[in-house]
Amino acid sequence: MNATVLKGHSLRQFLMDQGVLFAFIALLIFLAFVAPHFVSVNNFFSVLTDAAPLVLLALSELVVMLVAGIDLSVGAVAGLTGALAATMMLSGFPWPLALFLALLAATLAGLLQGVVINYLHITDFIATLAGLSIFSSLTLIVTNGEPLNINDNGFNAIGESHIMGIPDQVWIAGLMVILLAIFLSLTASGLYLYAIGGNRVAAYRAGIRVRRLRSLAYAFSGFSAGLAGVIFAAQLATADPNAGRGDELPAIAAVVIGGVYLFGGRGTVWGALIGALLLSTILDGLVLLNISPFYTELVEGVVILLAVMLGYLKKRGTV
């Protein structure tokens, strides 16, 4: 009898742990039957291309959430990065140098917020909310509130070129996923991030440099958000002053849907990836089914709520 109960519990726990993956598979099957043109190579790559920036923003949120933080500025950092790159190219900078300097600025923006949070003891929410306002304003100042057309073919190739038939931006997002997964699972610093989020006091006592690693987590968040901004700009061949605005919410939604614990210490790169792909597939399905875009945020909200409820059930199941 006890063995039967244990088997039932294990099965229930497995289904909860893999709930997002099963939901994603069920969504794919559903859309394959009801949405015209969903099952096609062109639509497959369209979903991946649209998902690439969201995946990068989700990775930003994943790392800061692992250390029990949050970053509300990722969308603003993405927009600012594209604007800075475009401005420098229009000023005559070679596109590789413009790209490097823009990503460096994004990384420093994240690091600055991390320092403010961890060394000046400003809460994550307030510091990154201020960052959202500051970086959004800087984007408007840099672009003068108008889209900047990017005529550099080398830079625009990031949003147009393919390697082995796969868009460049998908390769970029995929490489970041793999590198971050390796870092979090196979390096001491990656494991320390989990320890910090799980119990910050215990991490301090264990000799982990908590403030430094948390600050570096925000630096990574800025860098990954910057990459998303580069892709936004390259896809449109334009630095839009509104690019990235509001994208922090889908990014947070993606990691929550993917099973990342809101209070730190638990979550995986693969969960964040599936969460981002799930959201992107839902949005693609809405378009293919000719459903008004006004329902987009409603659907996202319902999915987030279901994900949080699933997380609560998982927590109860492990107690």
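The text that follows walks through the structure, step by step, so that each part is easy to find. (Residues numbered from 1 in each chain as written. Predicted model: local features only at pLDDT ≥ 70, side-chain atom pairs only at ≥ 80, totals over all residues. Heavy atoms only, no water.)

1. Section: the packing of aromatic side chains
What the rule picks out here adds up to one aromatic pair. An angle of 70° between the planes, with centres 5.3 Å apart, marks the rings of Phe 44 and Phe 45 as edge-to-face. Residue classification places Phe 44 among the partly exposed residues on the basis of a relative accessible area of 49%. The exposure class assigned to Phe 45 is partly exposed, which follows from its relative accessible area of 23%. (Phe/Tyr/Trp six-rings, centres within 6.5 Å; stacked < 30°, edge-to-face > 60°. Buried < 20%, exposed > 50% of the residue type's maximum accessible area, 1.4 Å probe, protein only.)

2. Section: the side chain of Asp 71
Note that Asp 71 resides in the loop between α3 (41-66) and α4 (74-90). Buried and unpaired, Asp 71 has no salt bridge, with Arg 214 as the nearest side chain of opposite charge at 11 Å. Polar contacts involving the side chain of Asp 71 include one to the side chain of Ser 221, which spans 2.8 Å. If we ignore the near neighbours within four places in the chain, the residues touching Asp 71 are Glu 61, Val 64, Gln 113, Thr 128, Tyr 218, Ser 221 and Glu 248. (Helix = DSSP H or I, 4+ residues; strand = E, 2+ residues; numbered from the N terminus. Lys, Arg positive; Asp, Glu negative; His and termini not counted. Salt bridge = Lys/Arg side-chain N within 4 Å of Asp/Glu carboxyl O. Polar contact = N/O pair within 3.5 Å; in protein donor to acceptor, adjacent residues only side chain to side chain. Contact = heavy atoms within 4.5 Å.)

3. Some thoughts on the layout of surface pockets
When its volume is computed, the second largest pocket comes out at roughly 530 Å³. Lining the second largest pocket are 22 residues, with Asp 50, Leu 54, Asp 247, Ser 280 and Leu 283 positioned closest to its centre. With six residues, helix α13 (residues 269-288) is the largest single contributor of residues to the lining of the second largest pocket. Here the lining of the second largest pocket is built from residues that sort into twelve nonpolar, five polar and five charged. (1 Å grid on protein atoms, 1.4 Å probe; cavity = no way out; pocket = protein on both sides within 12 Å on 5 of 7 lines; lining within 4 Å. Points joined across faces, edges and corners; volume = space filled by probe spheres on them. Nonpolar A, V, L, I, M, F, W, Y, C, P; charged D, E, K, R; others polar.)

4. Comments concerning unusual backbone geometry
One non-glycine residue, His 121, adopts positive backbone phi at about 60°. A positive phi angle, near 60°, is found at Asn 144, a position not held by glycine. Looking at the secondary structure, you find Asn 144 in the loop between α6 (124-143) and β1 (148-149).

5. Brief notes about empty space enclosed by the protein
What the rule picks out here adds up to two cavities of 30 Å³ or more. If you add up the space inside the largest cavity, you get close to 50 Å³. If you trace the largest cavity, you find it lined by Gly 75, Ala 76, Gly 79, Leu 80, Ser 136, Thr 139, Pro 241, Asn 242, Ala 243, Gly 244 and Arg 245. Elements supplying a minimum of two residues to the lining of the largest cavity: α4 and α6.

6. Some thoughts on the side chain of Thr 81
With respect to the helices, strands and loops of the structure, Thr 81 is situated in helix α4. Here Val 77 takes part through its backbone oxygen, which lies 2.7 Å from a polar atom of the side chain of Thr 81. Once you skip the residues sitting within four places of it in the chain, Thr 81 turns out to touch Ala 102, Leu 103, Ala 106, Gly 226 and Val 230.

7. Comments concerning the pattern of salt bridges
Under the defined criterion, the tally for this structure stands at one salt bridge. The partner of Asp 124 in a salt bridge is Arg 214, with the nearest N and O atoms 3.2 Å apart. In this pair, Asp 124 sits in helix α6 while Arg 214 sits in helix α11 (residues 210-236), placing the two residues 90 residues apart along the sequence. Each member of the pair, Asp 124 as well as Arg 214, is classed as buried.

8. Regarding the nonpolar core
With 81 residues, the main nonpolar core has Leu 59, Leu 62, Phe 155, Val 269 and Leu 278 as its most contacted residues. Top element by residues in this core is α3. It accounts for twelve residues. (Core = buried A, V, L, I, M, F, W, Y, C linked by side-chain atoms within 4.5 Å.)

9. Details of the environment of Leu 148
Relative to the elements of secondary structure, Leu 148 occurs in strand β1. For Leu 148, a relative accessible area of 15% gives the class buried. Not counting residues up to four positions away in its chain, the partners in contact with Leu 148 are Ala 83, Ala 86, Thr 87, Leu 90, Thr 143, Ala 237, Thr 238 and Ala 239.

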